[in-house]
Number of protein chains: 2
Amino acid sequence: MTFWNSLFRPTPPETLAQKYKLRKVPNQDGTIFLGNDRLVDPYELEALCDAVGWARRPIHKVRIALQHSFVVITLWQCNHNFRKLIGFARATSDHAFNAMIWDVVVHPKFQGRGLGKTLISEVIRELRKADITNISLFADAPVVSFYEKLGFIPDPEGIKGMFWSPSE
Amino acid sequence: MTFWNSLFRPTPPETLAQKYKLRKVPNQDGTIFLGNDRLVDPYELEALCDAVGWARRPIHKVRIALQHSFVVITLWQCNHNFRKLIGFARATSDHAFNAMIWDVVVHPKFQGRGLGKTLISEVIRELRKADITNISLFADAPVVSFYEKLGFIPDPEGIKGMFWSPSE
């Protein structure tokens with residue numbers, strides 16, 4: 001193989017995955033990988049959130065939130081020498097009893113193939129590894145049934161999720 | 001004043017409060033003070049939780065949870081040379097966007113005099129000082145109306161609090 005050929009030869013997804021310590025997601029097309037490193041580029045995360053139409057957030061606050069999340073799970077498409085962030089979820093926690101899952105997002109192009117379930121299962125796996133059993137989240141009305149399928153119960157024993165709203 | 005008199009003279013509540021950097025709670029009997037120091041003795045916290053009938057928790061996990069809470073607010077009765085923990089609330093947070101309030105407790109002897117409101121108002125004040133606006137909690141059915149009076153809204157826009165339950 002000539003020098004130029006080797007330079008422009010596409011990196012196989014596995015090599016990229018190894019570099020970034022990613023794990024292949026089973027039952028996908030072989031280019032989708034999971035990561036659990038909180039060192040996500042906040043600009044890349046916000047581009048992903050943009051793709052699903054979420055409101056823009058200040059980058060410096062996104063960086064702080066990532067630093068202070070207990071679990072960060074990422075989904076990547078590895079292809080043609082680079083990786084692209086296509087899914088994300090994070091959890092805050094007191095490191096002992098409670099955890100809350102936030103910012104669950106899958107890029108629209110990759111929705112409908114079970115990757116949301118993959119993200120949530122990974123978050124739960126990491127939290128249980130840390131012996132945290134009280135795992136909760138707030139679900140918008142359209143995704144309540146999605147989370148029910150993953151074992152989440154709305155308002156168990158009449159417990160209500162409540163949001164503080166500043167009075168005028 | 002003799003030596004023995006000075007030794008056994010009760011310390012005024014204000015002196016104790018100053019030592020522990022506590023602030024007097026207005027409209028109380030002058031012995032109730034607020035603190036925001038996370039260095040709470042976990043045994044003392046669990047004794048308080050015991051007094052309201054909560055399930056026992058492992059002390060080493062209580063200590064970890066305190067360390068990893070973003071805001072800790074305490075209520076103390078200062079009297080006769082010592083202070084007693086009579087109220088507690090804490091919040092976890094990603095230090096940027098979201099905070100969850102947990103473990104809100106007032107000793108039964110001190111309930112019914114507005115101290116629950118004092119605790120929650122202080123937690124919110126600390127969180128807002130840190131520019132955190134998404135403040136939420138899970139309320140058991142009997143305390144939903146208590147939190148509504150403090151500005152919390154259950155299920156706003158159909159958002160559901162959901163708890164993960166391990167499948168057998």
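Residues numbered from 1 in each chain as written. Chains lettered and ligands numbered in written order. Predicted model: local features only at pLDDT ≥ 70, side-chain atom pairs only at ≥ 80, totals over all residues. Heavy atoms only, no water.

Caption draft 1: Here's a closer look at unusual backbone geometry. Residues and elements named next belong to chain B. The backbone of Asp 131 shows a phi angle near 65 degrees, a positive value even though the residue is not glycine. Positive phi outside glycine occurs at Glu 157, with the angle close to 50 degrees. Within the fold, Glu 157 resides in the loop between β7 (152-154) and β8 (160-164). (Helix = DSSP H or I, 4+ residues; strand = E, 2+ residues; numbered from the N terminus.)

Caption draft 2: Summary view of the relation of the copies chain A and chain B. The operation relating chain A to chain B is a screw motion whose rotation component is 180 degrees, with 0.0 Å of axial translation and a residual RMSD of 0.0 Å. Overall, the copies show the geometry of a two-fold rotation axis. Every residue of chain A has its C-alpha some distance from the rotation axis, and the shortest such distance is that of A:Gly161, at 2.2 Å. In this assembly, 100% of the residues forming the interface of chain A have copies in chain B that are likewise at the interface, indicating an isologous arrangement. (Least-squares fit on C-alpha atoms with pLDDT ≥ 70 in both. Contact = heavy atoms within 4.5 Å.)

Caption draft 3: Up close: the pairing of strand β8 (residues 160-164) of chain A. Most of β8(A) is tucked away: four of the five residues are buried. As paired strands, β8(A) and β7(B) are joined by three bridges and run antiparallel to one another. If you follow A:Phe163 over to β7(B), its bridge partner there is B:Ile153. (Buried < 20%, exposed > 50% of the residue type's maximum accessible area, 1.4 Å probe, protein only. Pairing = 2+ DSSP bridges.)

Caption draft 4: The arrangement of the state of the cysteines in detail. If you walk through the whole model with that rule in mind, you get zero disulfides over all chains. We note that A:Cys49 lacks a disulfide partner, and the nearest cysteine sulfur, in A:Cys78, lies 19 Å from it. (Disulfide = S-S within 2.5 Å.)

Caption draft 5: Structural view of the interface of chain A and chain B. Between chain A and chain B, the residue contacts involve 48 residues of the former and 48 residues of the latter. Summed over both sides, the interface between chain A and chain B buries roughly 4,400 Å², with carbon and sulfur atoms accounting for 64% of that surface. Looking at the side of chain A facing chain B, the largest losses of area belong to A:Met162, A:Phe163 and A:Trp164, adding up to 21% of the total buried there. If you look at where chain A meets chain B, you find 22 residue pairs in polar contact (both at pLDDT 80 or more). Elements supplying a minimum of two residues to the side of chain A that touches chain B: α4 (59-67), β4 (82-93), β5 (98-106), α5 (115-129), β6 (134-139), α6 (144-149), β7 (152-154) and β8 of chain A. Here the side of chain A that touches chain B takes six residues from β6(A), the largest share from any one element. Of the residues in the side of chain A that touches chain B, the class split is 26 nonpolar, 12 polar and 10 charged. (Buried area = accessible area lost by both parts, 1.4 Å probe. Polar contact = N/O pair within 3.5 Å; in protein donor to acceptor, adjacent residues only side chain to side chain. Nonpolar A, V, L, I, M, F, W, Y, C, P; charged D, E, K, R; others polar.)

Caption draft 6: Here's a closer look at the sheet that holds strand β2 (residues 32-35) of chain A. Across the sheet, which stays open at both edges, the eight strands sit in the order β1(A)-β2(A)-β3(A)-β4(A)-β5(A)-β6(A)-β8(B)-β7(A) with mixed pairing between neighbours. A strand with exactly one partner marks an edge of an open sheet, and here the two such strands are β1 (23-24) and β7 of chain A. Across the sheet, helix α3 (residues 42-51) of chain A touches β3 (71-79), β4 and β5 of chain A, and the angle it forms with β4(A) is around 90 degrees. Across the sheet, α5(A) is in contact with β1, β2, β3, β4, β5, β6 and β7 of chain A together with β8 of chain B; its angle to β3(A) comes to roughly 140 degrees. (Axes fitted to C-alpha atoms, helices over the stretch in contact; angles between N-to-C directions.)

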